[in-house]
Amino acid sequence: MSLVPMKQILDEARKKGYGVGAYNVNNMEQVQAIMAAAQATKSPVIIQASMGALKYSNFTYLKHLMLAAAEENPDIPIAMHLDHGNSLESAKKAISLGFTSVMIDGSLKEDGKTPSDYEYNVEVTKSVVAYAHQFGVTVEGEIGRLGGIEDGVGSGSAHVTDPDEAKRFVDDTKLDALAIAIGTSHGAYKFKGDKNLAFDVLEKVRKLIDIPIVLHGASSVPQELIDRVNKYGGKMPGATGVPMAHLQKAIKMGVSKINVDTDGRLAVTAEIRRVFAESPDKFDPRDYLGPARDTLAKLIESKMKDFGTAGHAGDYKPMTLDDMKKFYASKK
Ligand code: G3H
Ligand code: 13P
Ligand code: ZN
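Residues numbered from 1 in each chain as written. Chains lettered and ligands numbered in written order. Predicted model: local features only at pLDDT ≥ 70, side-chain atom pairs only at ≥ 80, totals over all residues. Heavy atoms only, no water.

Where do I start with the coordination of the zinc ion (ligand 3) in this structure?
Geometry reference: four tetrahedral donors at a metal, ideal angle 109.5 degrees. Six octahedral donors, ideal angles 90 or 180 degrees. For the zinc ion (ligand 3), the full set of protein donor atoms is His-84 (NE2), His-186 (NE2) and His-216 (ND1), at a range of 2.1 Å. When the donors of the zinc ion (ligand 3) are listed by position in the chain, the intervening gaps give H-x101-H-x29-H. Of this pair, His-84 sits in strand S3 (residues 78-85) while His-216 is found in the loop between strand S9 (213-215) and helix H9 (223-231), placing the two residues 132 residues apart along the sequence. Assigned by exposure class, His-84 and His-216 land together as buried. (Donors = N, O, S within 2.8 Å, 3.2 Å for Na, K, Ca; no water. Helix = DSSP H or I, 4+ residues; strand = E, 2+ residues; numbered from the N terminus. Buried < 20%, exposed > 50% of the residue type's maximum accessible area, 1.4 Å probe, protein only.)

When you look at the packing of H9 against helix H11 (residues 262-278) in this model, what are you seeing that I'm missing?
If you want to describe how two helices pack, look at the angle between their axes and the distance between the axes. Orientation of H9 relative to H11, taken along the N-to-C sense of each, is 35 degrees, at an axis distance of 8 Å. When the axes of H9 and H11 are compared, the crossing they make is left-handed. The residues of H11 that touch H9, namely those facing Leu-225, Ile-226, Arg-228 and Val-229, are Asp-263, Leu-266, Ala-267, Thr-269, Ala-270, Glu-271 and Arg-273. Here the contact of H9 with H11 is composed, by residue class, of 6 nonpolar, 1 polar and 4 charged. (Axes fitted to C-alpha atoms, helices over the stretch in contact; angles between N-to-C directions. Left-handed = near helix turned anticlockwise from the far one by under 90°. Contact = heavy atoms within 4.5 Å. Nonpolar A, V, L, I, M, F, W, Y, C, P; charged D, E, K, R; others polar.)

What exactly am I supposed to notice about the sheet that holds strand S5 (residues 138-143) here?
Here 8 strands make up a closed barrel; going around it, the order is S1-S2-S3-S4-S5-S8-S9-S10 and the pairing parallel. This sheet shows a mean twist of 25 degrees between the axes of neighbouring strands, independent of strand direction. Sheet topology note: the strand S1 (residues 20-24)/strand S2 (residues 45-50) ladder contains 3 bridges and is parallel. By the bridge assignment for S2, Tyr-23 is matched with Ile-47. (Pairing = 2+ DSSP bridges.)

Would you mind going over the pattern of salt bridges with me for this structure?
Oppositely charged side chains are able to pair whenever their charged atoms sit close together. For the structure on display, the rule yields 19 salt bridges. Measuring nitrogen to oxygen at the nearest pair gives 3.9 Å for the salt bridge that ties Lys-92 to Glu-89. Taken together, the positions of Lys-92 and Glu-89, both in helix H5 (residues 88-97) and 3 residues apart, correspond to about one turn of that helix. On the basis of relative accessibility, which here comes to 27%, the residue Lys-92 falls in the partly exposed class. Given a relative accessible area of 53%, Glu-89 falls into the exposed group. Of the charged contacts in the structure, one is a salt bridge between Glu-278 and Arg-274, with a shortest N-O distance of 2.6 Å. Placement of both Glu-278 and Arg-274 in helix H11 is noted, with a separation of 4 residues, approximately one turn of the helix. We classify Arg-274 as partly exposed; its relative accessible area is 24%. (Salt bridge = Lys/Arg side-chain N within 4 Å of Asp/Glu carboxyl O.)

What exactly am I supposed to notice about the site of ligand 2 here?
Near ligand 2 you find 15 residues, and of these Asp-83, Lys-190, Ser-219, Asp-261 and Thr-262 are the closest. Backbone polar atom of Ala-218 to an oxygen atom of ligand 2: 3.2 Å apart, as the coordinates give it. In isolation ligand 2 exposes 310 Å². Once the protein is present, 98% of that is buried. Among the secondary structure elements, those contributing two or more residues to the shell around ligand 2 are S3 and strand S10 (255-260). Here the residues of the shell around ligand 2 sort into 2 nonpolar, 10 polar and 3 charged. (Near = heavy atom within 4 Å. Polar contact = N/O pair within 3.5 Å; in protein donor to acceptor, adjacent residues only side chain to side chain. Areas by Shrake-Rupley, 256 points an atom, 1.4 Å probe, with all protein chains shown as cover.)

That is the geometry; function is a separate question.
This is the structure we're talking about:
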């Protein structure tokens with residue numbers, strides 16, 4: 001099976017009422033862990049890479065890891081997605097590498113930090129839609145703004161999505177999936193007090209728009225992982241995330257894509273710290289990257305079950321980008 005457009009994976013998830021995790025990658029072990037989890041649970045999967053990840057892996061390496069994932073797992077629908085693309089140029093780059101989906105985060109200017117306005121967001125999103133759809137590539141956009149700053153992504157100031165603006169944005173841009181801000185944020189420190197999400201906003205948006213909804217900043221920051229990080233020499237006091245029950249409620253209310261990066265980072269870090277603390281004599285990277293990969297796979301496996309993705313890999317005949325290209329052309 002080749003890589004499939006993300007639109008198909010999300011449309012199918014929406015039809016059946018389950019969520020699909022989109023897991024961030026930077027290296028081989030992360031890609032392998034995601035695919036091991038997808039195989040173990042028979043789940044469709046979205047692998048996503050940020051611009052930072054693409055630069056870190058020198059672009060070509062990530063391209064071939066993604067192709068390897070598809071070649072090794074012909075029975076699993078995989079979408080390869082650009083996370084937080086910041087310009088038309090970034091979308092073009094990802095599409096040239098073979099990505100089947102791109103996000104254009106027009107809620108921020110090209111620097112990934114400065115809040116933009118509605119007109120800027122519409123303009124840049126429309127340009128990416130026009131370009132990507134020619135290739136059958138899915139486009140995710142964002143309206144509203146997440147709080148928090150994660151390695152250069154985010155302005156620090158949150159702005160919960162206005163449902164009417166969300167509707168206008170979908171009509172104005174004709175994008176395929178919409179990320180909304182309902183109180184989550186990137187990183188490992190999401191809430192100071194109550195872990196409230198604006199479910200009322202989600203409910204209103206769901207009623208007004210007819211495309212898949214995306215939740216960024218959706219890591220749960222499991223206390224057990226934080227305890228292990230801290231036990232073996234880390235320092236992450238007060239780390240908090242979105243409880244799984246909240247995510248499951250959001251899925252029931254119509255969220256289809258759930259973005260997870262931080263939890264994967266925590267799983268890898270906790271395990272590497274454990275190996276180093278318990279076996280200070282180890283110096284072969286396989287001795288710590290291998291266990292870290294296994295720990296990450298287990299974490300993602302449990303998320304696939306909790307999000308309801310498990311068991312859905314074989315539900316549908318995968319579409320090609322060419323099929324999707326024809327679909328977009330027929331809508332013009
Ligand atoms: O939303 C941001 C993701 O967690 C990616 O982070 O830009 O550090 O790769 P990154
Ligand atoms: P977390 O930091 O909660 O994992 O969110 C990741 C994300 O939204 C990637 O786009
Ligand atoms: Zn994000």
